[in-house]
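Coordinate analysis (summary)
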Amino acid sequence: MGTHSKPGLTGKLGALVLAGLFAFSLTQEAEESDYYQIETFSTEELPMEVGAMTLMSDGNLLVGTRRGDVYVLENPYGDPASAVFRPWARGLAQPLGFLEHNGWIYTAQRGELTRIKDSNGDGKADIFETVCDAWDISGNYHEYNFGPRMDKEGFMWITLNKPFGGQPYADPEVKQAHWRGWAVRVNPETGEMFPMAAGLRSPAGVEDSPWGDIFYTDNQGEWCNASKLSHLEFGDYHGHPWGLPTQKLAGPPFETMPQPISGTFMKDMHQQIPQFKMPAVWFPYDKMGKSPSGLRWDLTDGKFGPYAGQLFVADQHHATVMRVNLENVDGHWQGACFPFREGFQCGIIRICFGSDASLFVGMSNAGWGGRGNRPWGLQRLKWTGKIPFEVHEMKAQPDGFKLTFTEPVNPEAAANLDSYKMESYTYRLESRYGGPEDDKKEVKITQAQVSKDGMSVRIKIDPIRAGYVHELHMEGLTNNKGDSLLHDAAYYTLVNIPTDAHL
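Let me sum up the structure you'll find in this document. (Residues numbered from 1 in each chain as written. Predicted model: local features only at pLDDT ≥ 70, side-chain atom pairs only at ≥ 80, totals over all residues. Heavy atoms only, no water.)

As a further point, take the overall build of the protein. Helix and strand counts for the protein come out as four helices and 34 strands. For 503 residues, the compact-globule formula gives about 23 Å, and the C-alpha radius of gyration of the protein, at 24 Å, lands near that figure. Counting only C-alpha atoms and orienting by the principal axes, one finds that the protein spans roughly 75 × 60 × 40 Å. Looking at the 503 residues of the protein, the share that counts as buried comes to 58%. When contacts within the protein are restricted to residue pairs at least 6 apart in sequence, long-range pairs at least 24 apart make up 60% of them. Accessible surface computed for the protein: about 20,300 Å², of which carbon and sulfur atoms make up 49%. Within the protein, one finds 46 positive and 63 negative side-chain charges whose respective centroids are separated by 3 Å. (Helix = DSSP H or I, 4+ residues; strand = E, 2+ residues; numbered from the N terminus. Rg over C-alpha atoms; globule rule 2.2 N^0.38 Å. Buried < 20%, exposed > 50% of the residue type's maximum accessible area, 1.4 Å probe, protein only. Contact = heavy atoms within 4.5 Å. Areas by Shrake-Rupley, 256 points an atom, 1.4 Å probe, with all protein chains shown as cover. Lys, Arg positive; Asp, Glu negative; His and termini not counted. Charge placed at Lys NZ, Arg CZ, Asp CG, Glu CD.)

Spatially, four strands are ordered S6-S7-S8-S9 in an open sheet, and the strand pairing comes out antiparallel. Edge positions in the sheet fall to strand S6 (98-101) and strand S9 (127-132), since each has one partner strand and no second. Mean inter-strand twist for the sheet, computed between neighbouring axes without regard to direction, equals 30°. Where strand S8 (residues 113-117) meets S9, five bridges bridge the pair, whose relative direction is antiparallel. Its bridge partner being in S9, leucine 113 is matched across the sheet by cysteine 132. (Pairing = 2+ DSSP bridges. Axes fitted to C-alpha atoms, helices over the stretch in contact; angles between N-to-C directions.)

Relative to the helices and strands, valine 321 resides in strand S22 (residues 320-329). Taking relative accessible area as the criterion, valine 321 reaches 1% and is therefore assigned buried. Note: C-alpha distance between valine 321 and glutamate 342 (21 residues apart in sequence) is 6.5 Å.

Together, Tyr141, Phe164 and Tyr433 make up an exposed nonpolar region whose accessible area comes to about 370 Å². With respect to the helices, strands and loops of the structure, tyrosine 433 is situated in the loop between strand S30 (428-429) and strand S31 (438-450). (Patch = residues over 30% accessible without salt bridge, like charges linked within 9 Å, V, L, I, M, F, W, Y side chains within 5 Å. Salt bridge = Lys/Arg side-chain N within 4 Å of Asp/Glu carboxyl O.)

Taken in spatial order, the four strands make up an open sheet running S1-S26-S25-S24, and their pairing is antiparallel. The sheet terminates laterally at strand S1 (36-40) and strand S24 (348-353), the two strands that pair on one side only. Averaged over all neighbouring strand pairs, the angle between strand axes comes to 25°, with direction disregarded. Inspection of the sheet shows strand S25 (residues 359-364) paired to strand S26 (residues 376-383) by six bridges, in the antiparallel sense. Bridge pairing in S26 places methionine 363 opposite glycine 377.

Counting through the fold element by element, proline 95 comes out in the loop between strand S5 (84-89) and S6. You can call proline 95 buried: its relative accessible area is 0%. Residues within four places of proline 95 in sequence aside, it is in contact with Gly51, Ala52, Thr65, Gly68, Thr107 and Ala108.

Throughout the structure, instances matching the rule amount to 27 aromatic pairs. Geometrically, the ring pair formed by phenylalanine 304 and phenylalanine 312 is edge-to-face, given 5.5 Å between the ring centres and 90° between the ring planes. For phenylalanine 304, a relative accessible area of 0% translates into the label buried. For the pair tyrosine 425 and tyrosine 427, a centre-to-centre distance of 6.1 Å together with 85° between the ring planes defines the contact as edge-to-face. The buried category is assigned to tyrosine 425, whose relative accessible area is 0%. With relative accessibility at 1%, the residue tyrosine 427 sits in the buried group. Among the aromatic residues, those joined into a ring-pair cluster are Tyr36, Phe304, Tyr307, Phe312, Phe340 and Phe353. A cation over an aromatic ring shows up here: lysine 162 above the ring of tryptophan 242, its NZ or CZ 5.6 Å from the ring centre. Sitting above the plane of the phenylalanine 338 ring, arginine 323 keeps its charged end 4.3 Å from the centroid. (Phe/Tyr/Trp six-rings, centres within 6.5 Å; stacked < 30°, edge-to-face > 60°. Lys NZ or Arg CZ within 6 Å of the ring centre and 35° of its normal.)

This brings us to the pattern of salt bridges. Tallied over the entire structure, the rule returns 28 salt bridges. Here lysine 395 ties to glutamate 393 by a salt bridge, and the two come within 3.8 Å at their closest N and O atoms. Close ionic contact of aspartate 439 with arginine 465 constitutes a salt bridge, the shortest N to O distance being 3.2 Å. Note that aspartate 439 is positioned in strand S31 and arginine 465 in the loop between strand S32 (456-462) and strand S33 (468-473), a separation of 26 residues in sequence.

What follows is about the pairing of strand S13 (residues 193-198). With respect to burial, S13 is a largely interior element, five of its six residues being buried. Bridging between strand S12 (residues 182-186) and S13 involves five bridges; their strand directions are antiparallel. What sits directly across from alanine 183, in S13, is alanine 197. Here two bridges tie S13 to strand S17 (residues 236-237), and the two strands are oriented parallel to one another. What sits directly across from alanine 197, in S17, is aspartate 236.

With that out of the way, let us pick up the nonpolar core. If you look at the biggest cluster of nonpolar residues, it comprises 53 residues, and the most contacted ones within it are Leu113, Trp135, Ile158, Leu229, Phe283, Val324 and Leu326. Setting aside its immediate chain neighbours within four residues, phenylalanine 283 contacts Ser227, Lys228, Leu229, Met288, Pro292, Val313, Met322, Val324 and Cys337. Counting residues in each nonpolar core, the second largest holds 27 residues, with Met394, Ala396, Tyr420 and Met474 among its members. (Core = buried A, V, L, I, M, F, W, Y, C linked by side-chain atoms within 4.5 Å.)

Another aspect to go through is the pairing of strand S29 (residues 421-426). In the sheet, S29 pairs with S33 via five bridges, with the strands oriented antiparallel. Paired with tyrosine 425 across the strands is valine 469, a residue of S33. With four bridges connecting them, S29 and S31 associate as antiparallel partners. Across the sheet, residue glutamate 423 finds its bridge partner in S31, namely glutamate 442.

What follows is about the side chain of threonine 300. Considering the arrangement of structural elements, one finds threonine 300 in the loop between strand S20 (292-297) and strand S21 (311-315). Within the local environment of threonine 300, its side chain forms a polar contact with the backbone nitrogen of phenylalanine 304, the two atoms lying 3.2 Å apart. Discounting chain neighbours no more than four positions away, the residues touching threonine 300 are Phe353 and Ala357. (Polar contact = N/O pair within 3.5 Å; in protein donor to acceptor, adjacent residues only side chain to side chain.)

See the structure below:
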């Protein structure tokens, strides 16, 4: 926060004027904490490197650590000081996801999908059963597994991390573990595994949507030039070639996928590899984090604020939670991402809504660099009841975008074309580690049409480009009280341009 000064204002009068200006600036600048407050659980005595977390049917939280310990967090909704971490299980191999199903807790460990139960009710797990161990591991430290999450057909999805190093990729002479870099699903009754999608790199989050589809987050790196959120379907290829030696085991349609050519724009990859799938959302590097991880849909019916039905995505490096709105345009999920809340203890790996509609945030910096000053932690994010002035949704139109807001905009500010700035860019699929925003172009805002109620604005743009991120800044936009947006940036990944205007 800067202070204000004016030449010629001296003495007591000048001090009073300066004090008034400073107080005015304080009242006008909103903070994230005005709307969403962070509460901290004490984990000083526990190495709470949270890698798995789920809300159980009894309302308590089940928390698993990367070290293989599992705790039940009792009394999770009151004063964090009154919460108790009760040991429930130990000795697991890096569990990175929990799912409660038919009285069991399912978890993806390093070497298998396991189900666990407390059969005698003494508060500790006593049955551990292997459900599926059909994928390979080589011992490389980077072979993490994430999940499971259940789809609408009752199958459990797991995303399998690729090992680190070992290039060149997809060399049939290289003895590497099969199924690394794949998304698979497992029949929980029979344990049979089915390959579903290839080309994943470091798919740190996997989640089922409210309508039963599966999405995952991936981290920027080699053959993944920008972090992303993607929709998973059978037959997809997402760009990384590590798992291609497994394609013969997987059968059709994977067995015909060729090696990608480094340097190809991802928007053009389907011409080379028909199975290639564009992401739903790109998270521009550093602007929207560096390492997206856990994700959860807001199913609280408004108890967590004005974003019911939208998606929240954590970032391990930035220790932030981002917000995403999605829409299906011509059969492809796409949408916009927005900043939401920063300032957590350290890198976030898992998020989970509680029965009180608060968002639990599990963290670890161990092994990975990230913001924050703690090696691990568990915090809780609670809505204060105040509604921030924000872009609620950004949706594609044939000639631009429709913006809706959480409260009415000032019509003069919203109709002023100078209130908006936009550029578009895309990414290549390259073998190098990460890649720049490519083929950048300034986008001109040609019209801003404000709705009668002030709750939405339609902006027309030139040019509008399919396959590009459209990065929008709205520094000049205010509401009727003169308040600026809490976050004035939005990033829409425009894979398909709609042919008809839609709401």
